[in-house]
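What follows is each chain in one-letter form.
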Amino acid sequence: MQHIDHHTTSSGHLTALADGHHITTHGQAGSTTFDEVYLHPGLNADWDHAEDSWELHLSGDPELAKGRLFLDVPVEDVRTLIAEHGGTAK
């Protein structure tokens, strides 16, 4: 699996998973948690992390609002989610 540490950047990182789903992460370099993790429509996670569905709704983009935005997600949880979906696309 691709090394996830380069995903922790303040500008965000889009990752295509092997099964065709996508995830976008935002965080500070070297952090053990992502500030935000956006699961694109069709991708789901059984996480109990806080969600910010209002931000998605207020964006005005109906497609964006179909996804889920989680806050303060441990990097390890994202690693596990990526592995569960077959790793990253080549």
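Residues numbered from 1 in each chain as written. Predicted model: local features only at pLDDT ≥ 70, side-chain atom pairs only at ≥ 80, totals over all residues. Heavy atoms only, no water.

S.K.: How would you summarise the confidence of the model for the protein chain if you had to cite specific residues and measurements?
M.R.: In the predicted model, the protein chain carries a mean pLDDT of 84, and 87% of its residues have values of at least 70. The element-level mean pLDDT for the protein chain is lowest in helix H1 (residues 53–58), coming to 77, with strand E4 (residues 68–74) highest at 94. (pLDDT = per-residue confidence, 0-100. Helix = DSSP H or I, 4+ residues; strand = E, 2+ residues; numbered from the N terminus.)

S.K.: I'd like to hear about the pattern of salt bridges, residue by residue, with values.
M.R.: Tallied over the entire structure, the rule returns two salt bridges. A salt bridge links Glu51 to Arg68; the shortest N-O distance between them is 2.6 Å. Residue Glu51 is found in the loop between strand E3 (33–39) and H1, and its partner Arg68 is found in strand E4; the two are separated by 17 residues along the sequence. Exposure remark for Arg68: the relative accessible area of 22% places this residue in the partly exposed category. One salt bridge connects Arg79 with Glu76, and the closest N-O pair in it is separated by 3.2 Å. Taken together, the residues span about one helical turn, with Arg79 and Glu76 both in helix H2 (residues 75–84) at a distance of three residues. Owing to a relative accessible area of 27%, Arg79 belongs among the partly exposed residues under this scheme. (Salt bridge = Lys/Arg side-chain N within 4 Å of Asp/Glu carboxyl O. Buried < 20%, exposed > 50% of the residue type's maximum accessible area, 1.4 Å probe, protein only.)

S.K.: I'd like a rundown of the environment of Gly12, residues and numbers included.
M.R.: Note on placement: Gly12 falls in the segment before strand E1 (13–16). Setting aside its immediate chain neighbours within four residues, Gly12 contacts Thr25 and His26. (Contact = heavy atoms within 4.5 Å.)

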